[in-house]
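What follows is each chain in one-letter form.
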Amino acid sequence: MSSLPPRLLLGPGPSNVHPRVLAALAEPLRGHLDPAFLAVVDEVQGRLRALFGTANRLTIPLSSTGSGGMEACFANLVEAGDRVLVGVAGVFGERMHEVAGRHGARVTRVDAKWGTALDEDAMIAAIERERPALVAFVHAETSTGVRQPVERIAAAAAAAGALVVLDCVTSLGGLPVRLDEWRIDAAYSATQKCLSCPPGLAPASFSERALARVARRRTPVSSWYFDTTLLGSYYGAKRVYHHTAPVGLIVALAEALRILDAEGVDARVVRHARAGARLVAELEALGFEPLVAPEHRLPMLSALWLPEAIVRAGEADLRRRLLEEHGIEVGGGLGKLAGRIWRIGLMGENARDEVIDRLVGAVKKGAGLDSSTFPVGKS
Ligand code: PLP
């Protein structure tokens, strides 16, 4: 057995996994071409299609974390010199901008102040002005706790003939995702957030328009590992070896998706919404203040300015004590929000009242907080 202490994982991911998923991880291995395992692959692909709201045949559990999903989208869909427009409202929009550039794109960006959502009109104006080949942005910006608007931006991109890439790392399984209805061409997620599975897989989906774009490339896909044509030979009818699929993780993901489907995605979305709203209300009563306006708040990741008492006592010190004395992990701010906010995740299995009770009790005890404190972190 592991000597590591147990943890309640309330940061921006990973989240805790269900005991059934842990049990699936402990199953004896099968071969990656074993028909019994390939049936599980079929099942996972089918369940991911439903969750992504798509009929895309190339919907797969990519062997990588979420960042590999991002890399796969740009490696396949961008060639040197292509115009790409990226919406940047936090660390992960910034990462998309960086990755697109590394794959040779001529990148234009539309920025939003951190803690706010992308301005749809600014994105649409940039699409009409730049006529990019591809538009990319993040659905759930985990660095700021902002839910970005999708539909109008994606429709404008489609009207301009651009492909659309959507980062669904934190949204999938906690917010509705409807790739076909929204006309998204490529999307990726990660297993360690609202799917409550260990990190290591990036569920990803590519539309027929995206695959046709790959087929028209003048140059080979800039990554052999993430080449959708090669991946399609394993994650398609032929089941031909490309790389050794991470068998154990895919078996665990199958179990996590069965648990999700038994609950129902709609019920799970409601559970996340309720949990997020209650957490914010409880912490507001202790002097925390939400960074994000209510209409753009993510349910599964709350970003909060810190009360004066926590800033004075040292936020990193309190996070360390929460971890060491209560076994609870919460996230600090990233980039320009470091030291000024906390990011608290209630993802997947953790979006529950008893988890909120435990966290709020520990924060009160750890910081000696009551409702007479007030937030100062934003000054
Ligand atoms: N995109 C978003 C929105 C994320 O939150 C993350 C990770 O937190 C990533 C991409 C990168 O995923 P990973 O850390 O699994 O590579």
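Residues numbered from 1 in each chain as written. Predicted model: local features only at pLDDT ≥ 70, side-chain atom pairs only at ≥ 80, totals over all residues.

Draft legend 1. View of the overall build of the protein. Looking only at helices and strands, the protein has 14 helices and 14 strands in total. The C-alpha atoms of the protein give 21 Å as radius of gyration, which agrees with the globular expectation for 379 residues (21 Å, within 12%). For the C-alpha atoms alone, the extent of the protein along its principal axes is close to 65 × 55 × 30 Å. If you take every contact in the protein between residues at least 6 apart in sequence, the share linking residues at least 24 apart comes to 72%. (Helix = DSSP H or I, 4+ residues; strand = E, 2+ residues; numbered from the N terminus. Rg over C-alpha atoms; globule rule 2.2 N^0.38 Å. Contact = placed C-beta atoms within 7 Å.)

Draft legend 2. Region of interest: the domain arrangement of the protein. Partitioning the protein into domains gives domain 1 (19–261) and domain 2 (264–367). Listed as interface residues are 22 residues of domain 1 and, on the opposing side, 22 residues of domain 2. Looking at the side of domain 1 that touches domain 2 residue by residue, the classes come out as 11 nonpolar, nine polar and two charged. (Domains from an automatic or database assignment. Nonpolar A, V, L, I, M, F, W, Y, C, P; charged D, E, K, R; others polar.)

Draft legend 3. Examining the site of the ligand more closely. Not every one of the 13 residues close to the ligand is listed here, only the nearest: Thr65, Gly66, Ser67, Thr142 and Val169. Classifying every residue of the shell around the ligand gives six nonpolar, six polar and one charged. (Near = placed C-beta within 6 Å.)

Draft legend 4. Spotlight on the sheet that holds strand S1 (residues 8–10). Across the sheet, which stays open at both edges, the five strands sit in the order S1-S13-S14-S12-S11 with mixed pairing between neighbours. Edge strands, defined here as strands with exactly one partner in the open sheet, are S1 and strand S11 (289–290). Taken strand by strand, helix H13 (residues 315–326) contacts strand S13 (328–332) and strand S14 (341–345), and its axis lies near 160° from that of S13. (Pairing = 2+ DSSP bridges. Axes fitted to C-alpha atoms, helices over the stretch in contact; angles between N-to-C directions.)

Draft legend 5. Focus on helix H3 (residues 66–77). The first and last C-alpha atoms of H3 sit 17 Å apart over 12 residues, in line with the 16 Å expected at 1.5 Å per residue. Most of H3 is tucked away: 11 of the 12 residues are buried. (Expected span 1.5 Å × (residues − 1). Buried ≥ 20, exposed ≤ 12 C-beta atoms within 10 Å, placed from the backbone.)

Draft legend 6. Focus on the nonpolar core. Grouped together as the largest cluster of nonpolar side chains are 123 residues, with contacts concentrated most on Val84, Ala100 and Leu134. Tallying contributions element by element places helix H10 (residues 247–263) first for this core, with eight residues. Shared between two domains, this core takes at least three residues from each, and those domains are domain 1 (19–261) and domain 2 (264–367). (Core = buried A, V, L, I, M, F, W, Y, C linked by C-beta atoms within 7 Å.)

Draft legend 7. Fine view of the sheet that holds strand S10 (residues 201–206). Spatially, the seven strands line up as an open sheet ordered S2-S10-S9-S8-S5-S3-S4, and their pairing is mixed. One side of each edge strand has no neighbouring strand; the edge strands of this open sheet are strand S2 (58–63) and strand S4 (106–111). Looking at each pair of strands side by side, their axes are set apart by 15° on average, direction ignored. Judged from the three bridges that link them, strand S3 (residues 83–88) and strand S5 (residues 134–138) form a sheet pairing that is parallel. Paired with Val86 across the two strands is Ala136, which belongs to S5. Helix H8 (residues 208–215) contacts S2, strand S8 (163–167), strand S9 (186–188) and S10 of the sheet and is inclined by roughly 115° relative to S8.

Draft legend 8. Up close: unusual backbone geometry. With omega at 5°, the peptide bond leading from Gly13 into Pro14 counts as cis. Looking at the secondary structure, you find Pro14 in the loop between S1 and helix H1 (19–25). A positive phi angle, near 65°, is found at Arg183, a position not held by glycine. Along the chain, Arg183 turns up in the loop between helix H7 (179–182) and S9. Phi is positive for Ser196, close to 50°, though the residue is something other than glycine.

Draft legend 9. Expanded view of the packing of helix H2 (residues 35–52) against H10. Here H2 crosses H10 at 45°, and the two axes come no closer than 9 Å. The pairing of H2 with H10 is recorded here as oblique in orientation. Between H2 and H10 lies a crossing whose hand is left-handed. Across from Phe37, Val40, Val41, Glu43, Val44 and Arg47 in H2, the residues of H10 making contact are Val247, Ile250, Val251, Leu253, Ala254, Leu257 and Asp261. Here the contact of H2 with H10 is built from residues that sort into 10 nonpolar, no polar and three charged. (Parallel < 35°, antiparallel > 145°, perpendicular 65-115°, else oblique. Left-handed = near helix turned anticlockwise from the far one by under 90°.)

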